[in-house]
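Here's the letter readout for the chains.
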Amino acid sequence: MARDVPLAVLGALTNVVLVLALSPFFQGVLRKLTARIQSRQGPPLAQPYYDLLKLLGKEDLESGEVPLVQRFAAYLALGSILAVAGLVPLGFRAPLSGAGDVVVLIYLLMLSGVCTLVAGLASGSTFSLLGTSREMMTMIALEPVLAVAMVVGVLHARSFRLDAVLDGSVYAAAVPASGLAMLIVMLFAFQAFVGRVPFDLAEAETEIMEGPLVEYSGRKLALFKYAQMVKLVVHGALFVALFAPFGSRLPFPLGFALFWVKVLLLVVFVTLVAATHARYRIDQAIRYYAALLAVSFGALALASYGL
Amino acid sequence: MLEALCQKMFGRSLWVYHANSGGCNGCDIEVLNVLTPYYDAERFGIRLVGSPRHADVMLCQGPALRSTAQALRRAYEAMPAPKLVFAIGSCAGGGGIWHDAYPVLGGVEKVVPVHFYIPGCPPRPEAILWGVAVATGRVQKKTAPVVFKQVEYPIPTYHPNDLHAEGDLVIYERLEKV
Amino acid sequence: MSIASKWKETRIGLSAGRVTLPYPARPRPAPAGFRGRPIFDGAKCVGCGGCASNCPAREILVFDPCQEIRILKYLGRRCTYCGRCAEVCPEHAITMSQDYETATDRAGDLEQRLELFMSTCQRCGRCFEPKTPLDRLKLKGYRFDDLDHERWVFRSQAYLEHEPPVRDLEIELEE
């Protein structure tokens, strides 16, 4: 056990570095594909790297009501999502599976959502408060869906350990009815988790001047944008690990490559949905989430009966 | 070190904030045209952002009016350094046709420092793209002041004060200047 | 709002290919009849000042530093490319070119300045100069073109020495 600790830490660091290096690439794929669907040329694939590097060097105007809390929120945003990346299996087994379980994962995912709220409240401008209220409504309606997905996995795998749950455990029942129901629900809810177009009400929209991120500039903005990119990859990895783990037992290069191909397919799916839809209003979105929540509670009931 | 990296990446990723301080919206429509697939500005990394705190470049249109001058100045000061200002159209460049109307202070350079002018009324989307290309250094600018001179100073003028009579000769006193 | 319609939309968008024009890489000529930058031909110009009277943005300024020289200055920054100067010029000295690639980082790059030699009387060798200020006003049309401040000045006080020709508006930004 004492030998496993440095290996586990190394595994987690590898995960973090991998996610940091690859997530702007996936964002670039998303932008380029959106551009191609709109029949135009689009930015080069490395564009998000240029954006982040440029943002890191810009002057940081400490505007907003409470700059200390703004700084805290920016660091927490990237930090919490990287902590999730350290726990999620990215092509190899979950590295820190002894250090935490599913409850910690759900908590950390919720923390990364709370960071946006803290950022908006600390900014104190009208636009950011509006964005914060929308994000709060979204979070209240949507985080239970993710929690239910993982709890269904827990019920079937009969354990809270990460490497047991994040291995396609939702299908482990006799009749995978709850698993399939959760798959459909998560497919419909995925856009909302990563905050892309039909559901990007809270931030990154020109309607309310980018919502909670209004008063951010320079390095802190770079951290938030990075956190958004990493969220796409991490949620994708979580989805693949929970619902599509086929081929994860293959030896190292093949299993790893297959995993990232699956994440790429998920990003393509997100892009296709994002490029062909218009943004929903908050009341339409809440109604949508409420329907998803109802179905997911039904799946939870099925799972607790062993289905 | 980060600032040097930012300078290098600046030309490849410009985030643009669009500020219309009282124009007729003709240039607005041309700027929107630049963001459409036909003239696609996003292939240069240009993105329209909603907040001046996120932007690198402020696209100013319309002349600076007495009522909007303060708002324009505040939007300029809200942008983080390094920043550029493009004045698009003839109104932003010098006040346009309205330069001596009662609410107009002049071009936007009376209120914010302008780095690039893109003249036109409204400028074609290609002209705006050309202006962005000049600003990021992809092309060289093609304009220079033109002076046409038919005469060089000084010219001789025979003023009656400089002529005086000597006998039947008329002497021009400033002969050495001719 | 069905999935089939979204799929069809994606296919339509993708089948159009890339419609983006390769603009700064490849030049793109303006369509025929496009009014670009006006080019002033100093060889044909007679210095009548008709263009200056007609310009709606008051972009062309006329100034006589001495009796034989007339300076016509086209500023270029406020020009709306309307083409009235070209239409009115009796000598067809102004052509509206097809040039729209006029972006620059200094506003002074757009100016064109013509310094013309006005013919003088062949007998006495000088231009007729009006004697009284009122005559001067009548000749110039109640107008005084200030080349440094780049504007017309409609004030007859401009001919008085102790009045400045232009008074700028004070810009108050702090409230």
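Conventions we followed
- Residues numbered from 1 in each chain as written.
- Chains lettered and ligands numbered in written order.
- Predicted model: local features only at pLDDT ≥ 70, side-chain atom pairs only at ≥ 80, totals over all residues.
- Helix = DSSP H or I, 4+ residues; strand = E, 2+ residues; numbered from the N terminus.
- Rg over C-alpha atoms; globule rule 2.2 N^0.38 Å.
- Buried ≥ 20, exposed ≤ 12 C-beta atoms within 10 Å, placed from the backbone.
- Contact = placed C-beta atoms within 7 Å.
- Core = buried A, V, L, I, M, F, W, Y, C linked by C-beta atoms within 7 Å.
- Nonpolar A, V, L, I, M, F, W, Y, C, P; charged D, E, K, R; others polar.
- Arc of directions from axis to C-beta.
- Pairing = 2+ DSSP bridges.
- Axes fitted to C-alpha atoms, helices over the stretch in contact; angles between N-to-C directions.
- pLDDT = per-residue confidence, 0-100.

## Brief notes about the overall build of chain B
- When its secondary structure is counted, chain B shows five helices and 10 strands.
- Its C-alpha radius of gyration of 25 Å places chain B more than 25% over the 16 Å reference for a compact globule of 178 residues.
- Projected onto the principal axes, the alpha-carbon positions of chain B cover approximately 85 × 40 × 35 Å.
- Across the 178 residues of chain B, 52% fall into the buried class.
- If you take every contact in chain B between residues at least 6 apart in sequence, the share linking residues at least 24 apart comes to 74%.

## Describing the overall build of chain A
- Tallying secondary structure elements over chain A gives 10 helices and zero strands in all.
- Whereas a compact globule of 307 residues would reach a radius of gyration of roughly 19 Å, chain A reaches 19 Å, a difference of no more than 12%.
- Its C-alpha atoms give chain A principal-axis dimensions of roughly 55 × 45 × 40 Å.
- Counting the 307 residues in chain A, one finds 50% classified as buried.
- Counting only contacts in chain A whose residues sit at least 6 apart along the sequence, the fraction spanning at least 24 positions is 79%.

## Considering the nonpolar core
- Counting residues in hydrophobic clusters, the biggest one holds 92 residues, and the most contacted among them are A:Val84, A:Val88, A:Val230 and A:Val234.
- With 17 residues, the top contributor of residues to this core is helix H8 (residues 219-243) of chain A.
- In this structure, B:Leu72, C:Ala57, C:Ile60 and C:Tyr100 belong to the second largest nonpolar core, which totals 71 residues.

## Observations regarding the interface of chain C and chain A
- Contacts between chain C and chain A engage 10 residues on the former and eight residues on the latter.
- A breakdown of the residues in the side of chain C that touches chain A according to their chemical character gives three nonpolar, four polar and three charged.

## Description of helix H2 (residues 26-34) of chain B
- If you check which residues of H2(B) are buried, you get B:Cys27, B:Glu30, B:Val31 and B:Val34. Taken around the axis of H2(B), the buried residues stretch over an arc of 100°, which confines them to a single face.

## A closer look at the environment of C:Arg18
- You can see C:Arg18 is positioned in the loop between helix H1 (3-15) and strand S1 (38-40).
- Judged by the 15 C-beta atoms lying within 10 Å of it, C:Arg18 falls in the partly exposed class.
- With 96 residues separating them in the primary sequence, C:Arg18 and C:Leu114 have C-alpha atoms 47 Å apart.
- If we ignore the near neighbours within four places in the chain, the residues touching C:Arg18 are A:Ser39, A:Arg40 and A:Gln41.

## As for the sheet that holds strand S2 (residues 60-66) of chain C
- Read from one edge to the other, the open sheet built from four strands follows the order S8(B)-S5(C)-S3(C)-S2(C), with strand pairing classed as mixed. The open sheet has two edge strands, strand S8 (146-149) of chain B together with S2 of chain C, and neither has a second partner. This sheet shows a mean twist of 15° between the axes of neighbouring strands, independent of strand direction.
- Here strand S3 (residues 69-74) of chain C runs beside strand S5 (residues 112-117) of chain C; their pairing, made up of six bridges, is antiparallel. Note on S5(C): the bridge partner recorded for C:Ile69 is C:Phe117.

## Here we look at the pairing of S5(C)
- Where S8(B) lies against S5(C), four bridges are found, and the strand directions are parallel. Of the residues in S5(C), the one forming a bridge with B:Val146 is C:Gln112.

## A closer look at the confidence of the model for chain A
- Mean pLDDT over chain A works out to 84, with 94% of the residues at or above the 70 mark.
- When the elements of chain A are averaged for pLDDT, helix H6 (residues 162-165) of chain A gives the smallest value, 77, and helix H2 (residues 47-56) of chain A the largest, 90.

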